[in-house]
Amino acid sequence: MAFTTSKSYFWKGFRDGTPFIFVAIPFGTLFGVFATETGLNIVQTMAFTATVFAGAAQFAALQLLQENTPTAIILVSALAVNLRMAMYSASLTPYLGAAPMWQRAIAAYLTVDQSYACSIVQFEKEPDLTIPQRMAYFFGSVAPITPLWILATYMGAVLGTRIPESWALDFALPITFLAMIGPMMRTLPHVVASMVAILVSLLTVAIPYNLGLLIAGCAGMMAGAQAELMMERRKANA
């Protein structure tokens, strides 16, 4: 079936984003539980998840709060974890940059790992899509996730420690990233960046306040960029 209208692309994005609800629900629930364990009340927890809307950064900030980490390091760590959103935005700009300002503002808020992973694959697969079709697909891909993430966070905050550990909700975080990263490992720079980041993170695991992850992330980005430059030079000299 050919998808030719913006409405059709919205529902295509909705279908593509739906599988992520199976990790968004336990992930959000786990955040709600963790937030209440850290000492936040329900209002604070919901304000946190609604304004930040970035699961990995939220978990990183809460963990550091629990360890009585200095505020400056918490802020830097949360921003560093979310630096990938800047890269996501740069990657999506060629496809969505011509959209109206209000649409781009909403898209910026809703840019998460899942919406980016679905959208960039679709946009690269169909480069001739119109701006309305691209925006429709982007919003569709995040539509099933956003309300369930907030609802799951509320459920976790209300239930708190009454959720048994045997449910193993913490599986959601690694599963989410593995599901997104796997299909994106299509080029050598991607593989180099991920391998370097993994190696450096293992070597710096003893650094306090999880700062080793920041170092590993920077090292991975630098390695990936260098690998891409080397490939471009080889093509130019071929």
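Residues numbered from 1 in each chain as written. Predicted model: local features only at pLDDT ≥ 70, side-chain atom pairs only at ≥ 80, totals over all residues. Heavy atoms only, no water.

A. Highlighting the overall build of the protein. A count of helical and extended segments in the protein gives 13 helices and zero strands. Along the protein, from the amino end to the carboxyl end, the secondary structure elements read α-α-α-α-α-α-α-α-α-α-α-α-α. When burial is assessed residue by residue, the protein has 40% of its 238 residues classed as buried. Considering only contacts in the protein between residues 6 or more positions apart, those separated by 24 or more positions represent 79%. Carbon and sulfur atoms make up 70% of the accessible area of the protein, which amounts to about 13,000 Å² in all. (Helix = DSSP H or I, 4+ residues; strand = E, 2+ residues; numbered from the N terminus. Buried < 20%, exposed > 50% of the residue type's maximum accessible area, 1.4 Å probe, protein only. Contact = heavy atoms within 4.5 Å. Areas by Shrake-Rupley, 256 points an atom, 1.4 Å probe, with all protein chains shown as cover.)

B. Region of the structure containing the pattern of salt bridges. Under the defined criterion, the tally for this structure stands at one salt bridge. The partner of Lys12 in a salt bridge is Asp16, with the nearest N and O atoms 3.7 Å apart. Residue Lys12 and its partner Asp16 are both found in helix 1 (residues 6–17); the two are separated by four residues, about one turn of the helix. Overall, Lys12 belongs to the buried group, its relative accessible area being 16%. On the basis of relative accessible area, Asp16 is assigned to the partly exposed category, the value being 28%. (Salt bridge = Lys/Arg side-chain N within 4 Å of Asp/Glu carboxyl O.)

C. A look at the packing of helix 2 (residues 21–38) against helix 3 (residues 42–52). Relative to each other, helix 2 and helix 3 sit at 135 degrees, their axes nearing to 10 Å. By the angle class used here, helix 2 and helix 3 are oblique. For the element pair helix 2 and helix 3, the recorded crossing hand is right-handed. Mapping the contact onto sequence places Phe31, Gly32 and Ala35 in helix 2 and Thr45, Phe48 and Thr49 in helix 3. Grouping the amino acids of the contact of helix 2 with helix 3 by side-chain chemistry returns three nonpolar, three polar and no charged. (Axes fitted to C-alpha atoms, helices over the stretch in contact; angles between N-to-C directions. Parallel < 35°, antiparallel > 145°, perpendicular 65-115°, else oblique. Left-handed = near helix turned anticlockwise from the far one by under 90°. Nonpolar A, V, L, I, M, F, W, Y, C, P; charged D, E, K, R; others polar.)

D. Representation of the packing of helix 1 against helix 9 (residues 131–142) in the model. Their axes nearest at 6 Å, the elements helix 1 and helix 9 cross at an angle of 30 degrees. The orientation of helix 1 with respect to helix 9, classified from their angle, is roughly parallel. Judged by the twist between their axes, the crossing of helix 1 over helix 9 is right-handed. Listed contacts from helix 9 to Ser6, Tyr9, Phe10, Lys12, Gly13, Phe14, Asp16 and Gly17 of helix 1 are Pro132, Gln133, Ala136, Tyr137, Phe139, Gly140 and Ser141. Partitioning the contact of helix 1 with helix 9 into residue classes produces seven nonpolar, six polar and two charged.

E. A look at the environment of Leu83. Structurally, Leu83 is set in helix 6 (residues 83–96). Separated by 26 residues in the primary sequence, Leu83 and Ala57 have C-alpha atoms spaced 9.8 Å apart.

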